[in-house]
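Topology and contacts: notes
Below are the chains, spelled out letter by letter.
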Amino acid sequence: MGRWLEGKPVADRVRDKVKEEVSRLLQRTGRAPGLTGVLVGDNPASQSYLRMKEKACASLGLRGRILTLPSDLAPERLRAVIEELNADDEVDGILVQLPLPKGFDTQEVISWIDPRKDVDGIHPTNLGLLLQNEPGPRACTPLGCLELIASTGVSLEGRDVVIVGRSLIVGKPLAAMVTNADGTITICHSKTKNLPEVAARADILVAAMGRPGFIGPEFVKDGAVVIDVGSNAVKDKDLVLRLFGRDEKRLKEVDDKGYTWVGDVQPGVIDKAAWLTPSPGGVGPLTIAMLMRNTLEAFQRRLVLK
Ligand code: NDP
């Protein structure tokens, strides 16, 4: 029987350090790092994610604000808004909340952000720096996964790491980060053959698929570290009961739209794994903590350049 790898204590350590440094810099410069979140449209999940980020900014002494724009905004207008933020000296970090509504080319929109203000670490320049193992802003969720793994005391060096999911915000940057940290990486996706067999070779398994409860014990090697990035809103109570069991706490935590939030990994995996992150409550808090750290670092880099 393994142990639950809760995100909050690990995230709190990161947040405490950020808070301390923000207060030190405020005394020295008279200014706190500023993060602007850009929300296009009124997707409720995106609104709620941005509000959490704004709250985190406030609790650590950063200046957080949300710019809400209509979903029918012309892409050229969004470009003009981003360019204004790029030029604004008060803004250290810009975060365009994804997904964008239909009609926007996500990669193109991200490329409009000044790479120095790209606190999500997904601008092409920053992804290039990551591949070169050069310093630069890194994607928040993969950074959070590494922090969680490090907190178990398990080193990545020489370990077999399997990531299920190859998105630009999670799977691909995480694969590069693991490679830079001397892990041996396998990246899987919907065309991967014999997925349970491939996943069960992993010393460290990361599920980032967006498929509720897809990963069961048959995907997991005895003693593995399992990181569940998945964060899925499910309305089907029977499905939740079947995959996640009668977890009263989870069943009670239904949001105002009637959804229960679950991960990609079934909780039964804890019987085989050495460590398993819960979802919610595992990777999520780290993603936000890393965004705060990235904003602080963007501010620090700009101070050095001045
Ligand atoms: P995407 O939908 O962009 O990517 C999902 C990936 O999973 C794709 O590469 C896809 O393969 C792969 N996949 C889907 N189904 C299967 C399958 N049956 N077998 C193998 N691979 C499969 O998702 P994201 O990366 O944006 O997010 C993944 C999950 O992580 C979501 O639940 C999301 O909500 C969550 N998330 C959580 C965060 C947090 O802070 N906690 C932050 C970001 C995401 P293919 O490429 O072939 O389609």
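Residues numbered from 1 in each chain as written. Predicted model: local features only at pLDDT ≥ 70, side-chain atom pairs only at ≥ 80, totals over all residues. Heavy atoms only, no water.

Thoughts on the overall build of the protein
Under the convention used in this document: Counting from the N terminus, the helices are the DSSP runs of H or I reaching at least four residues and the strands are the DSSP runs of E reaching at least two. What the globule rule says is 2.2 Å times the number of residues to the power 0.38, and the radius of gyration is computed from C-alpha atoms. The rule is simple: take the accessible area with a 1.4 Å probe, protein chains only, and divide by the maximum for that residue type; under 20% is buried, over 50% is exposed, in between is partly exposed. Whether two residues touch is decided by their heavy atoms; if any such pair falls within 4.5 Å, the residues are in contact. The Shrake-Rupley method, run with a 1.4 Å probe, gives the accessible areas here. Residue values count only the displayed protein chains as cover.
Looking only at helices and strands, the protein features 11 helices and 11 strands. On C-alpha atoms alone, the protein measures out to a radius of gyration of 19 Å, which is about the 19 Å that the 2.2 N^0.38 rule sets for 306 residues. Seen through its principal axes, the protein has C-alpha atoms that stretch 55 × 40 × 35 Å. Out of the 306 residues in the protein, the part that is buried amounts to 48%. A fraction of 72% describes how many contacts in the protein between residues 6 or more apart in sequence connect residues 24 or more apart. Only carbon and sulfur atoms are counted for the fraction: they give 52% of the accessible area of the protein, which is about 14700 Å².

A closer look at the packing of helix α5 (residues 124–131) against helix α7 (residues 171–180)
The line we're drawing: To obtain each axis, a line is fitted to C-alpha atoms, and for helices this fit is confined to the stretch in contact; angles are then taken between N-to-C directions over 0 to 180 degrees. Under this scheme an angle from 65 to 115 degrees is roughly perpendicular, one under 35 degrees roughly parallel, and one over 145 degrees roughly antiparallel; angles in between are oblique. Residue polarity follows a fixed list, in which Ala, Val, Leu, Ile, Met, Phe, Trp, Tyr, Cys and Pro are nonpolar, Asp, Glu, Lys and Arg are charged, and the others, Gly among them, are polar.
Remark: α5 packs on α7, axes separated minimally by 9 Å, with the N-to-C direction vectors making an angle of 30°. The orientation of α5 relative to α7 falls into the category roughly parallel. Between α5, through Leu127, Leu130 and Leu131, and α7, the contact on the second element is made entirely by Pro173, Ala176, Met177 and Asn180. Of the residues that constitute the contact of α5 with α7, the class distribution is 6 nonpolar, 1 polar and no charged.

Thoughts on the packing of aromatic side chains
Counted only if it meets this: The rule is short: rings of Phe, Tyr and Trp, with Trp giving its six-membered ring, pair when the centres are within 6.5 Å, and they are stacked under 30 degrees, edge-to-face over 60, tilted in between. For a ring to carry a charge above it, either NZ of a lysine or CZ of an arginine must fall within 6 Å of the ring centroid while also lying within 35 degrees of the normal to the ring plane.
Inspection of every chain in the model, using the stated rule, returns 1 aromatic pair. Directly above the ring of tyrosine 259 sits lysine 235, whose terminal nitrogen or CZ lies 4.8 Å from the centroid.

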